[in-house]
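Survey of secondary and tertiary structure
Each chain is listed here by its residues.
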Amino acid sequence: MSEGRPDKPTLTTNPFPPGWARSGAASPPLTIGGAEAPPPRVKRAGDPSGWKKTWRYGLGVLTMLFRRPVVRRMPLHLQLEVTDACNLHCTTCSRDLLVHKPALLSEPLWKKMIDEMRPTNINVSGIGEPFLHPNIFEIIRYAKGRGAAVNCATNLTRVKGRHREIVESGIDQLKVSIDATDAETYRTIRGEDYFEQIKDNIREIVRVRDELGATTPSIRFNFALQCFNYRQAPDLVDLAAELGVDGIYYQFLAYVDMEGRKAMLTNVMTRESLQAALDEAGLRAKRNGILTNLDMWRRDVEIFWNNMQPMSEYKPNKKQCYFPWISAWLGADGWVRPCPIMPWTLDEGRMGHLGKQSFAEIWNNERYRELRAALMRGERPTRSCKTCYPQDLYNIISIKAKLLP
């Protein structure tokens, strides 16, 4: 068998092939020569994207409704982890347990994935910081040139002097992981003092965008709720309004293989105080015209709260997962995985390596069919699945309509 696989494929164990080593990367340069082309015509998140994309979205909804082990269509969404290197050491992140030799996704692999899939949406991010990839703007422009809406989750600490290039690249959205509304809280969570620099970077991107008459990128805050910052959830709305940020995604934490850190991240929170902070955030968001996903929190707060409890008290939720039908992840190591949760383990979800197979061969291989069939039966077949809050059909449509390009 290829890829060092056992004779019978499994979902939970799949070591690297014999002799495999993740390609290392020296510290990439922090500046790149700017593009000469004028800013492309781009659209704000939520605007119509043409009948072809609308048709594909409609087919995607049907694929989710009629889940089958074999999927005849390519997924709509691609998460492209261009690097697993990062310059921060956040309390919420288990990257230190997963990455020992950082890698950069090679050009042949990211081009191959985009060209074969032709996704409607691409998220250029993963475990690492995407702006550490020396060719990040080439990747964005290539994806845009293939018709995809492109967004990027970033800590926005490695973009100094590159604000104009960000706007001119045509990227549709920046999702800024900020997790705080003051410098002290930011330093507690992220281990570095970049808070004011991030605010300056946002202001400069907005200024350049306005100067060029561009409508993108839209800017969204990602805010991972935890005991260090949850009371700042309402103040984040005020910060977004001050900086011209369009939306906020209040993020739940996935504690896969992080049980030892869960108590540190949740220990002084109460169900009532969390709800109060989110209710106030919702009122301020409505008043300031800031789009959020707080409807998701209001509906499922008991599930989120349950995820924060010790495993001895955990009660599995019954939500259905749709990611293996509409989305795929390509890691910096070249492995294809079915969702953005499984990469946070060392031994789960490697469905196939793009350096050894086409994506079409991987997309409906035995591993994918086995995973889909298990999910269709209502099972949670992997360690990642057992404690996951999968995005249901309502959430997928709502988040896409309000908070994604």
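Residues numbered from 1 in each chain as written. Predicted model: local features only at pLDDT ≥ 70, side-chain atom pairs only at ≥ 80, totals over all residues. Heavy atoms only, no water.

**Looking at the packing of aromatic side chains**
Working definition: an aromatic ring pair is given by the centre-to-centre distance plus the angle between the planes. Applying the stated criterion to the full structure yields 10 aromatic pairs. Where Phe131 meets Phe137, the ring centres are 5.9 Å apart and the plane angle is 55°; that geometry is what we call tilted. The class for Phe131 is buried, based on a relative accessible area of 1%. Over the ring of Tyr142 we find Arg146; its NZ or CZ atom is 4.0 Å from the centre of that ring. (Phe/Tyr/Trp six-rings, centres within 6.5 Å; stacked < 30°, edge-to-face > 60°. Buried < 20%, exposed > 50% of the residue type's maximum accessible area, 1.4 Å probe, protein only. Lys NZ or Arg CZ within 6 Å of the ring centre and 35° of its normal.)

**Re the pairing of strand S5 (residues 218-224)**
Within S5, seven of the seven residues are buried, which leaves the element mostly enclosed by the surrounding structure. Here S5 shows no split at all, with Ser218, Arg220, Asn222 and Ala224 on one side and Ile219, Phe221 and Phe223 on the other all buried. Pairing of strand S4 (residues 173-177) with S5, which is carried by five bridges, proceeds in the parallel orientation. Counterpart to Ser177 in the pairing with S5 is Asn222. (Helix = DSSP H or I, 4+ residues; strand = E, 2+ residues; numbered from the N terminus. Pairing = 2+ DSSP bridges.)

**A few points about the nonpolar core**
Counting residues in each nonpolar core, the largest one holds 107 residues, and the members touching the most others are Leu80, Met113, Leu174, Ile202, Phe221, Tyr250 and Trp297. Beyond its immediate stretch of four places on either side in the chain, Met113 contacts Leu78, Arg118, Ala328, Leu330, Val336, Leu354 and Phe359. (Core = buried A, V, L, I, M, F, W, Y, C linked by side-chain atoms within 4.5 Å. Contact = heavy atoms within 4.5 Å.)

**Remarks on the pattern of salt bridges**
Scanning the model with the defined rule gives 29 salt bridges in all. A salt bridge links Arg164 to Glu211; the shortest N-O distance between them is 2.4 Å. Placement of Arg164 in helix H5 (residues 163-168) and of Glu211 in helix H7 (residues 195-212) is noted, with a sequence separation of 47 residues between them. Residue Arg299 is joined to Asp300 by a salt bridge in which the shortest nitrogen-to-oxygen separation is 3.4 Å. Linked through salt bridges whose partners overlap, the residues forming this network are Arg164, Glu168, Glu204, Arg207 and Glu211. (Salt bridge = Lys/Arg side-chain N within 4 Å of Asp/Glu carboxyl O.)

**Side note on the confidence of the model for the protein**
Residues with a pLDDT of 70 or more make up 88% of the protein, whose mean pLDDT is 88. Overall, residues 1-48 carries pLDDT values under 50, and its contacts beyond four positions in sequence, including any with other chains, amount to 102 contacts. (pLDDT = per-residue confidence, 0-100.)

**So, the pairing of strand S3 (residues 149-154)**
When you tally the buried positions in S3, you get six out of six residues, the bulk of the element. Residues of S3 alternate between two faces, with Ala149, Asn151 and Ala153 on one and Val150, Cys152 and Thr154 on the opposite face, all of them buried. Two strands pair when backbone bridges link them, and strand S2 (residues 121-123) and S3 are joined in this way by three bridges, in the parallel orientation. For Asn123, the partnering residue across the bridge sits in S3 and is Asn151. Tracing the backbone out of S2, into helix H4 (residues 136-145) and back to the parallel element S3 gives a crossover that is right-handed. Here four bridges tie S3 to S4, and the two strands are oriented parallel to one another. Its bridge partner lying in S4, Thr154 is registered against Val176. Assessed by its sense of winding, the connection that carries the chain from S3 through H5 to S4 is right-handed. (Right-handed = clockwise from strand over helix to strand, strands pointing away.)

**Here's the deal with helix H8 (residues 233-243)**
Buried within H8 we find Ala233, Pro234, Leu236, Val237, Leu239, Ala240 and Leu243. Positive backbone phi, at 80°, marks Gly244, one or two positions downstream of H8.

**Brief notes about helix H10 (residues 271-288)**
For H10, spanning 18 residues, the distance from its first C-alpha to its last is 26 Å, which sits close to the expected 26 Å at 1.5 Å a residue. Among all positions of H10, only Ser273, Leu274, Gln275, Ala277, Leu278, Ala281, Gly282, Arg284 and Ala285 are buried. Gly289, located one to two residues past H10, shows a positive phi value of around 70°. (Expected span 1.5 Å × (residues − 1).)

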